[in-house]
Amino acid sequence: MAQLFTYPEARRDSNVVDEYHGQKIADPYAWLEDPDGEETKAFVDAQNQVTMPYLEKCEVRKPFHQRLKELWDFPKYGCPKKRGSRYFYFMNTGLQNQSVLYVQDSVDGEAKVFLDPNTLSDDGTVALRGYSFSEDGEFFAYGLSSSGSDWVTIKFMKVSTAEQLPDVLERVKFSCMSWTHDGKGLFYNMYPKEPGKADGTETTTNLNQKLFYHVLGTQQEKDILCAEFPDHDKWMSGAELSHDGRYIVLSICEGCDPVNRLYYCDMQTLPNGIDGLLPWVKLVDNFDAEYEYINNTDTVFTFKTNLKAPKYKLINIDFAKPEMEHWTDLVAESETDVLEWSACVAEDKLVLCFLHDVKNVLQLHNLSSGAKVTTFPLDVGTITGYSGRKQDNEIFYQFTSFLTPGIIYNCDLTKEQLTPGVFREIKVQGFDASLFETKQVFVASKDGTKIPMFIVHKKGIEMTGDHPVLLYGYGGFNISITPSFSVSRIVFIQNLGGILAIPNIRGGGEYGETWHKGGMLANKQNVFDDFQSAAQFLIDNKYTAASKIAINGGSNGGLLVGACVNQRPDLFGCSIAQVGVMDMLKFHKFTIGHAWTTDFGCSDKKEEFEWLIKYSPLHNIRVPADDTVQYPSTLLLTADHDDRVVPLHSLKYIAELQDVMRNVSKQTNPLMIRVDTKAGHGAGKPTAKVIEEYSDIYAFIAKTLGLNWQD
């Protein structure tokens, strides 16, 4: 069969060869690492000129876009949060590019717009990224990000009048925002000025983050340096104030592993207040475990930790007797459930959220003894929102699932009967949950490990072995992929006859740190084996056939997709890799990539290079040996302002893939890339852009898997 597609010819520079531990590795598309090079820009334009017309011609694109937009147009609410005497919540009327922050005098009082990010740009590409109220609720700090970049500008408002204050903080990234309780200022993190631009299109590495204190009403250059680590340029820190306002708790990390150093400063030891580098007391000065501040009663501090507890527990540390032999367990590690988070509420109670077989369980415990008081009733799904602090007597929590758009519950903890009520239910017009079903199965991976997988489809379908499947995975960084409501997936199931399958593969946090470690560093191949085993399970159990499986993942999940199509091109019909990490030998050299070496390893070390070169998507593209096997239809997605996983990963991968398969007559499936502009890694993406992107993705899936639109 003749080659159907003509791809842009990209220059292969055979002179670029890197040496790793005595092994020479060619890098012919290294020139694509320069985002500002004219050649790179021409390459991106040429690729989009192949991809965009193809997507526009896909028959399903128009009806999918129309249906997606109709279904998306429902009001979305967040949990109310009490700050000072007022309540605040986010709401999106339906198709607004960004959600709007509203304020009320009481939880059932009239709601007024407090901050509307939609007014900050014409196209919705300025987004809110982080915010923090002063302790009395009278001042508000908020971060703004442009075009999806991780760079943030912090601004300030006076709450009572909603007026903007003149203070502006720049060069902020991966930052805390913590007010001292006197409301005079806040701690935040800033990177030093570097030569060149910092707008999210650059690839320069982010090093030497520092902690500053900003006094409200002063210029940023007057900000007080409170912590820096000149001998450890990759360390990043975050400060928070203890509930009583007396202690500054500093958490320091060096990468993405759930481990941190723990320092603190007693403000009562600062006679002149915050006036320079703080006299930090080093409570834990190693990276052996994670410590997350939950509460303190005088000097007795409660932390959530994975110290000798891979599923996490709560411990008490008395700062007056800080030696480890005095530490005590408050809530012991569960044998089966992962403790995801905890919060102190109503002075003497703790809310604990667990994960049991990838389903959330919410409990109330006694703060002094740690004993369980009650378990709140919940369906199978995920807690996506919570509010309730030590000084509050009520909690709000938001529940969602594959078939539940959202229910916000509230519970008054002063009552004898702790009965949560429905505060607000989110309804989607034209969606009937009773037409669908969700089940959880357990799949044996290559080494026999049982992998949980959620499957969602229309009720009553027959196992005919030919249903289209969207197989989605992530598998890394201790992140759990829990049930969530997705309009685009509902349209795929309802109007394209699809089945959604989400295996909770290793590398994630679904069963705690053991599960995470089972899919990182030398064990990364387990992640790909788990995912491929999930695909095989769906074929063996007559859900689908290999030619009808579309695989999808983003970021570390894009790496998953790239590695799996290289290893098993015969197992999938279509692959969608969003903002993927594709060059595993060089990822640590760009922006914040160095932080991922905790999960991946680093090619600078010989042993770790040996792991990485085996699966690095860019370095394992080959013509499939079997004459009947070609690469699945492939769509990569990236964006010009992605400064988390820089676009060069996807650009180099598609250049190599097209080059290897260009003159191979059996390769009739398209191999394409879609490069967006004024967009980043995903956070804060305006609704209009999200709808366009999903319409393109599902149009590509429908076209390449041969699916017809069903009304």
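Look above for the structure.
Analysis parameters
Residues numbered from 1 in each chain as written. Predicted model: local features only at pLDDT ≥ 70, side-chain atom pairs only at ≥ 80, totals over all residues. Heavy atoms only, no water. Helix = DSSP H or I, 4+ residues; strand = E, 2+ residues; numbered from the N terminus. Rg over C-alpha atoms; globule rule 2.2 N^0.38 Å. Buried < 20%, exposed > 50% of the residue type's maximum accessible area, 1.4 Å probe, protein only. Areas by Shrake-Rupley, 256 points an atom, 1.4 Å probe, with all protein chains shown as cover. Polar contact = N/O pair within 3.5 Å; in protein donor to acceptor, adjacent residues only side chain to side chain. Contact = heavy atoms within 4.5 Å. Pairing = 2+ DSSP bridges. Axes fitted to C-alpha atoms, helices over the stretch in contact; angles between N-to-C directions. Core = buried A, V, L, I, M, F, W, Y, C linked by side-chain atoms within 4.5 Å. Salt bridge = Lys/Arg side-chain N within 4 Å of Asp/Glu carboxyl O. Parallel < 35°, antiparallel > 145°, perpendicular 65-115°, else oblique. Left-handed = near helix turned anticlockwise from the far one by under 90°. Right-handed = clockwise from strand over helix to strand, strands pointing away. Phe/Tyr/Trp six-rings, centres within 6.5 Å; stacked < 30°, edge-to-face > 60°. Expected span 1.5 Å × (residues − 1). Nonpolar A, V, L, I, M, F, W, Y, C, P; charged D, E, K, R; others polar.

(A) Layout of the overall build of the protein chain. In terms of helices and strands, the protein chain carries ten helices and 38 strands. The C-alpha radius of gyration computed for the protein chain amounts to 26 Å, which stays within 12% of the reference 27 Å derived for 711 residues, consistent with globular compactness. With the principal axes as the frame, the protein chain shows a C-alpha extent of 80 × 60 × 50 Å. A burial count over the protein chain gives 61% of its 711 residues as buried. Summing over all exposed atoms, the protein chain offers an accessible surface of approximately 28100 Å²; the carbon and sulfur share of this is 49%.

(B) Seen up close, the side chain of S134. Tracing the chain through its elements places S134 in the loop between strand 8 (126-133) and strand 9 (139-146). One polar contact links the side chain of S134 to the main-chain amide nitrogen of E138, over a distance of 3.3 Å. Not counting residues within four places of it along the chain, the set of residues in contact with S134 comprises F139, W179 and G183.

(C) A look at the sheet that holds strand 32 (residues 450-458). One open sheet accounts for eight strands, arranged 31-32-34-33-35-36-37-38; its pairing is mixed. Strand pairing shows two members of the sheet lacking a second neighbour, strand 31 (436-444) and strand 38 (671-676), which therefore form its edges. In this sheet, adjacent strand axes meet at a mean angle of 20 degrees when their direction is disregarded. Running at roughly 105 degrees to strand 38, helix 1 (residues 38-57) makes contact with strand 37 (633-639) and strand 38 of the sheet.

(D) Fine view of the nonpolar core. Core analysis: the largest hydrophobic core is formed by 119 residues, its most contacted members being M453, L471, L538, I551, W596, F600 and I701. At nine residues, helix 10 (residues 687-705) tops the list of elements feeding residues into this core. In this structure, L471 is in contact with M453, A501, P503, F531, A534, A535, L538, I549, A550, I551 and N552, ignoring residues within four places of it in sequence.

(E) Fine view of the pattern of salt bridges. In the structure shown here, the tally under the stated rule is 36 salt bridges. Of the charged contacts in the structure, one is a salt bridge between R86 and E138, with a shortest N-O distance of 3.1 Å. Placement of R86 in strand 5 (residues 86-92) and of E138 in the loop between strand 8 and strand 9 is noted, with a sequence separation of 52 residues between them. Taking the relative accessible area as the measure of exposure, E138 reaches 25% and is therefore partly exposed. The shortest N-O distance in the salt bridge between E693 and K685 comes to 2.6 Å. Through salt bridges with shared partners, a single network forms among D27, E33, D583, K586 and K652.

(F) Fine view of the packing of helix 2 (residues 61-72) against helix 10. Between helix 2 and helix 10, whose axes approach to 9 Å, the crossing angle comes to 140 degrees. Overall, the two elements helix 2 and helix 10 adopt an arrangement that is oblique. For the pair helix 2 and helix 10, the crossing hand works out as right-handed. Residues R61, F64, H65, L68, K69 and W72 of helix 2 touch helix 10, and the partners they reach there are T687, V690, I691, E692, Y694, S695, D696, Y698 and A699.

(G) Structural view of unusual backbone geometry. The residue S555 is not glycine, and still its phi comes out positive at about 70 degrees. The residue S555 is located in the loop between strand 35 (549-554) and helix 6 (556-567) in this model. If you check the backbone angles, V579 has positive phi at about 40 degrees while not being a glycine. Tracing the backbone shows V579 in the loop between strand 36 (574-578) and helix 7 (597-600).

(H) Summary view of the pairing of strand 36. Counting buried residues along strand 36, five of its five residues qualify, which places the element largely inside the surrounding structure. The alternating pattern of strand 36 places C574, I576 and Q578 on one face and S575 and A577 on the opposite face, and all of these are buried. In terms of strand pairing, strand 35 meets strand 36 through five bridges, oriented parallel. Each bridged residue has a counterpart across the sheet, and for G554 the counterpart in strand 36 is Q578. Following the backbone out of strand 35, through helix 6 and into the adjacent parallel strand 36, one traces a crossover that is right-handed.

(I) Molecular detail of the packing of aromatic side chains. Taken as a whole and judged by the stated rule, the model has 50 aromatic pairs. Aromatic pair F64 and W709: ring centres 6.2 Å apart, planes at 75 degrees, arrangement edge-to-face. Linking F64 in helix 2 with W709 in the segment after helix 10, this pair joins segments that are 645 residues apart in sequence. Judged by its relative accessible area of 0%, F64 falls in the buried class. Relative accessible area serves as the criterion here: at 22%, W709 is assigned to the partly exposed category. When the ring of Y77 is compared with that of Y89, the centres are 6.3 Å apart and the planes differ by 35 degrees; the resulting orientation is tilted.

(J) Structural view of the environment of I407. Topologically, I407 is positioned in strand 29 (residues 404-412). When its relative accessible area of 11% is taken as the criterion, I407 is described as buried. Residues I407 and R424 lie 17 residues apart in sequence; the distance between their C-alpha atoms is 6.0 Å. In contact with I407, not counting residues within four places along its chain, are Y397, Q398, F399, V422, R424 and E425.

(K) Representation of the environment of Y191 within the structure. As for its position among the elements, Y191 is in the loop between strand 12 (185-190) and strand 13 (210-215). For Y191, a relative accessible area of 4% translates into the label buried. In the structure, Y191 is positioned 20 residues away from L211 in sequence and 9.0 Å away in space, judged by C-alpha atoms.

(L) Molecular detail of helix 2. The end-to-end C-alpha distance of helix 2, which contains twelve residues, comes to 16 Å, matching closely the 16 Å that a straight helix rising 1.5 Å per residue would cover. Buried within helix 2 we find R61, F64, H65, R67, L68, L71 and W72. Next to the buried residues of helix 2 lie helix 1, strand 3 (76-77), helix 3 (487-495) and helix 10.

(M) Geometry of helix 3. Across the nine residues that make up helix 3, a large majority, eight, are buried. Buried within helix 3 we find V487, S488, R489, I490, V491, F492, I493 and N495. Of the surrounding elements, those touching the buried residues of helix 3 are helix 2, strand 31, strand 32, strand 33 (469-472), strand 34 (499-503) and helix 10. One or two positions beyond helix 3, positive phi appears at G497, with a value near 65 degrees.

(N) Layout of the packing of helix 2 against helix 3. In contact at an axis separation of 10 Å, helix 2 and helix 3 are set at 125 degrees when each is read in the N-to-C sense. Classified by the interaxial angle, the pair formed by helix 2 and helix 3 is oblique. Where helix 2 crosses over helix 3, the handedness of that crossing is right-handed. Across the interface between the two elements, F64, R67, L68, L71 and W72 from helix 2 touch V487, S488, I490, V491, F492, Q494 and N495 from helix 3. In the contact of helix 2 with helix 3, the residues fall into eight nonpolar, three polar and one charged.

(O) Broad picture of the sheet that holds strand 14 (residues 224-227). Taken in spatial order, the seven strands line up as 8-9-10-11-12-13-14 in an open sheet, and their pairing is antiparallel. Both outer strands of the open sheet, strand 8 and strand 14, are each paired with one neighbouring strand and no more. The average angle at which neighbouring strand axes cross in this sheet is 35 degrees, direction not considered. Alignment of strand 8 against strand 9, held across six bridges, turns out to be antiparallel. Bridge assignment links F133 to a residue of strand 9, and that residue is F140.

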